[in-house]
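Coordinate analysis (summary)
The residues making up each chain are set out below.
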Amino acid sequence: MIDRRRFIAGLGVPALASLSSTVSAASSIWQPSELPEGAAATLDSLPGKVPLIKRTYRPPNFETPIEYLRDPITRNDAFFVRYHLSGIPQKIDAKAWRLKVGGDGAGRAAQFDLAGLRKEFERVEIVAVCQCSGNRRGMFQPHVQGVEWGVGAMGNARWTGIRLRDLLNKVGVNKDTVEIAFDGADGPAMDTTPDFVKSIPVDRALDENTLIAFEMNGQPIPHWNGFPARLIVPGWTGTYWMKHLTSVEVRTKPLSNFWMATAYRIPAGKFKGVAGFKTQETQANQPITDMVVNSLVTSIRDGQRVSRGQVVDVSGIAWDGGYGIRDVEVSTDGGRSWFLAELGRDLGKFSFRGFRHMFRPTEAGEAVVMVRAFNQRGDTQVTELIANPAGYHHNVVQRIKLEVA
Amino acid sequence: MKRALAVALVAAASVAAMAGEEKVRLKDGPGLDKVQQNCVACHSLDYIPLNSPFLDQKGWEATVTKMNKAYGAPIKPEDVSVIAEYLAKNYGKR
């Protein structure tokens, strides 16, 4: 059943899973005018998913409504969906699925089925945030082109599978290897369109945290999130997390397709402290790599009315590129004074970290709530957007105005 | 309108329409037929209002050219400006 409706702001409506419930737009925490007119959000369903914020039908790009981001672990059936190309298998037969491993830097070529991978390699798990590089692109001013995401092109899950490193060591990695490239079962509608193939630096591929996952939150990975196996690159943006993984290529030369050389680029040196990707860098730009520190308030929305003397719960989630969250600070007076928020359970340095701060507005008028997260390295969020042509790394501190009456 | 969609989808046999996309309706106007013939083979038409209205004629032209050059969409050179004009007029910056 398909349910489609225009969003109206309604944070705090309890019946989350109900098709008939009113669900707020992810944009409701910002001024709605910040999203382009045509990006007016509608809710719609994909098989196996609760109604999500539909950005595009084909290829499917569906965003997680903010209500589902209150829990630091994102439900599988509410986890966002992002594809570049529309040649997507309707269904993948796990028994017939094979993973090819090879390339000019590999000691040998090999092929594995799902049972073989499970049997031969140690089972490991990690909690990690998968965030689309372009999350919050719709809030860029001036607007940039692309999928005009709100705040929900991200999710956090417990991923279970094997270490990519163990697989690579099994076939052997020659010392002149520079990158490992990944392809998935999805592809373009036309042969003339470049297939979505991505690579990561060899040291990142050999990192103990980089996995090939088969399970997400204890269940098989949902089709739209990469069934039956997907690459997990904790800390790095979702573009590298290849879905429906079919091929692992050990390369002695950098991959230079459209998706590496042209797309997913940030201006050179503009974002301080992000991880490098030496074999892909040019004078002008570099690939997007790890996520910048960020936070999202999920309990209140811009323009919400509260009563004087009533306790207001400012809570949400914070995350970064894998240093881990050290502190979250909350201001309720537009940034003049800041309080340390209480942090939620630590699920690991790659996970969402919950936070909460309670306050009681004492004066009528406007109360401006702001939140800024700090990671273990001391990085924090920006107050002014760092403009870049593709609309990446939006981690501007939110300003949520409450009307106190 | 429906016929154009069907023809384009047959041309790209590997791609099935996604449930829901039939609800996307673009504004009537000169050039809409070219938009439908060329764009729906690879993506649903909601990509157009999604990127409206902040692109002007030049911006839409660049987008159509990108679809052709970077994504390999077989758009005839004479259709590029017809498509861009339709998009700028109906979904362009005002």
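Given the structure is predicted, the values throughout are model-derived calculations rather than measurements. (Residues numbered from 1 in each chain as written. Chains lettered and ligands numbered in written order. Predicted model: local features only at pLDDT ≥ 70, side-chain atom pairs only at ≥ 80, totals over all residues.)

With that settled, the discussion passes to the interface of chain B and chain A. Contact residues are listed per partner, giving 29 residues for chain B and 26 residues for chain A. It is helix 3 (residues 47-50) of chain B that contributes the most residues to the side of chain B that touches chain A, 3 residues altogether. Of the residues that constitute the side of chain B that touches chain A, the class distribution is 18 nonpolar, 8 polar and 3 charged. (Contact = placed C-beta atoms within 7 Å. Helix = DSSP H or I, 4+ residues; strand = E, 2+ residues; numbered from the N terminus. Nonpolar A, V, L, I, M, F, W, Y, C, P; charged D, E, K, R; others polar.)

All right, on to the domain arrangement of chain A then. Residue and element names in this part refer to chain A. Here the domain parsing of chain A yields domain 1 (98-287) and domain 2 (294-404). Just the C-alpha atoms count here: the centres of domain 1 and domain 2 sit 30 Å apart. Counting from both sides, the interface comprises 23 residues of domain 1 and, opposite them, 19 residues of domain 2. Going through the elements one at a time, strand 7 (124-131) and strand 15 (265-267) are the ones with two or more residues in the side of domain 1 that touches domain 2. The biggest single contributor to the side of domain 1 that touches domain 2 is strand 7, with 4 residues. In terms of residue class, the side of domain 1 that touches domain 2 is made up of 12 nonpolar, 7 polar and 4 charged. (Domains from an automatic or database assignment.)

Strands in a sheet are paired, the pairing made by backbone hydrogen bonds, and the direction either parallel or antiparallel. Residue and element names in this part refer to chain A. Strand order across the open sheet formed by 5 strands is 6-5-14-9-10, with mixed pairing between neighbours. Every interior strand has two partners, whereas the edge strands, strand 6 (110-113) and strand 10 (197-201), have only one. Across this sheet, the average inter-strand angle for adjacent strands is 20°, counted without regard to direction. Bridge count between strand 9 (residues 179-184) and strand 10: 5 bridges; the pairing is antiparallel. The partner of D183 across the bridge, within strand 10, is V197. (Pairing = 2+ DSSP bridges. Axes fitted to C-alpha atoms, helices over the stretch in contact; angles between N-to-C directions.)

Residues and elements named next belong to chain A. Core analysis: the biggest nonpolar cluster contains 107 residues, and I212, A213, L231 and I232 have the highest contact counts within it. The residue makeup of this core includes at least three contributed by each of domain 1 (98-287) and domain 2 (294-404). Beyond its immediate stretch of four places on either side in the chain, L231 contacts F182, I212, Y240, W241, M242 and L245. (Core = buried A, V, L, I, M, F, W, Y, C linked by C-beta atoms within 7 Å. Buried ≥ 20, exposed ≤ 12 C-beta atoms within 10 Å, placed from the backbone.)

With that out of the way, let us pick up helix 4 (residues 57-69) of chain B. Since there are 3.6 residues in each turn of an α-helix, residues three or four apart along the chain are aligned in direction. All names here are of chain B. Taking 1.5 Å of rise per residue, 13 residues should cover 18 Å, and helix 4 covers 18 Å from first to last C-alpha, within 8% of that figure. Residues W60, V64 and M67 constitute the buried set of helix 4. Considered in projection along helix 4, the buried side chains sweep an arc of 55° and stay on one side of the axis. Along helix 4, exposed side chains directed more than 90 degrees from the buried face belong to K58 and K69. (Expected span 1.5 Å × (residues − 1). Arc of directions from axis to C-beta.)

The subject of this paragraph is the environment of F227 of chain A. Residue and element names in this part refer to chain A. With respect to the secondary-structure elements, F227 resides in the loop between strand 12 (219-220) and strand 13 (230-232). Along the backbone, F227 and A185 are 42 residues apart, and their C-alpha atoms lie at a distance of 9.8 Å. Residues in contact with F227, not counting those within four places in the same chain, are I92, P220, I221, P222 and H244.

Next up on the list: the pairing of strand 19 (residues 312-319) of chain A. Residues and elements named next belong to chain A. With 6 of 8 residues buried, strand 19 lies mostly within the body of the structure. The pairing of strand 17 (residues 294-297) with strand 19 spans 4 bridges and is antiparallel. Paired with L296 across the strands is I317, a residue of strand 19.

This next bit is on the sheet that holds strand 23 (residues 353-359) of chain A. Residue and element names in this part refer to chain A. One open sheet holds the 4 strands; their spatial order is 17-19-23-22, and the pairing between them is antiparallel. Each having just a single partner strand, strand 17 and strand 22 (342-343) make up the two edges of the open sheet. Looking at chain direction, strand 19 and strand 23 are connected through 7 bridges and run antiparallel. Bridging across to strand 23, V314 finds its partner in H357.

All names here are of chain A. Put simply, chain A has an average pLDDT of 91, and 90% of its residues get 70 or more. By mean pLDDT, the top-scoring element of chain A is strand 13 (99), and the lowest-scoring one is strand 1 (residues 42-44) (88). Segment residues 1-33: pLDDT under 50, and 72 contacts once partners within four positions in sequence are set aside and those in other chains are kept. (pLDDT = per-residue confidence, 0-100.)

Before going further, it helps to spend a moment on the environment of M139 of chain A. Considering the arrangement of structural elements, one finds M139 of chain A in the loop between strand 7 and strand 8 (154-163). Sequence separation between M139 of chain A and V151 of chain A is 12 residues, and the spatial gap between their C-alpha atoms is 8.8 Å.

On to helix 5 (residues 77-91) of chain B, then. Residue and element names in this part refer to chain B. Its 15 residues place the ends of helix 5 21 Å apart at the C-alpha level, agreeing with the 21 Å of an ideal helix rising 1.5 Å per residue. The set of residues buried in helix 5 consists of I83, A84, Y86, L87, A88, N90 and Y91. Contacts from the buried residues of helix 5 go to helix 2 (32-39), helix 3 and helix 4.

Reading fine detail from the predicted coordinates is not recommended where pLDDT is low. Residue and element names in this part refer to chain B. For chain B, the average pLDDT comes to 85, and 83% of its residues sit at 70 or higher. The secondary structure element of chain B with the lowest average pLDDT is helix 1 (residues 2-11), at 43, and the one with the highest is helix 2, at 96. Low pLDDT, under 50, characterises residues 1-14; the stretch is placed with 20 contacts to residues that sit more than four places away or in other chains. Per the prediction output, this complex has pTM 0.90; the corresponding ipTM is 0.87.

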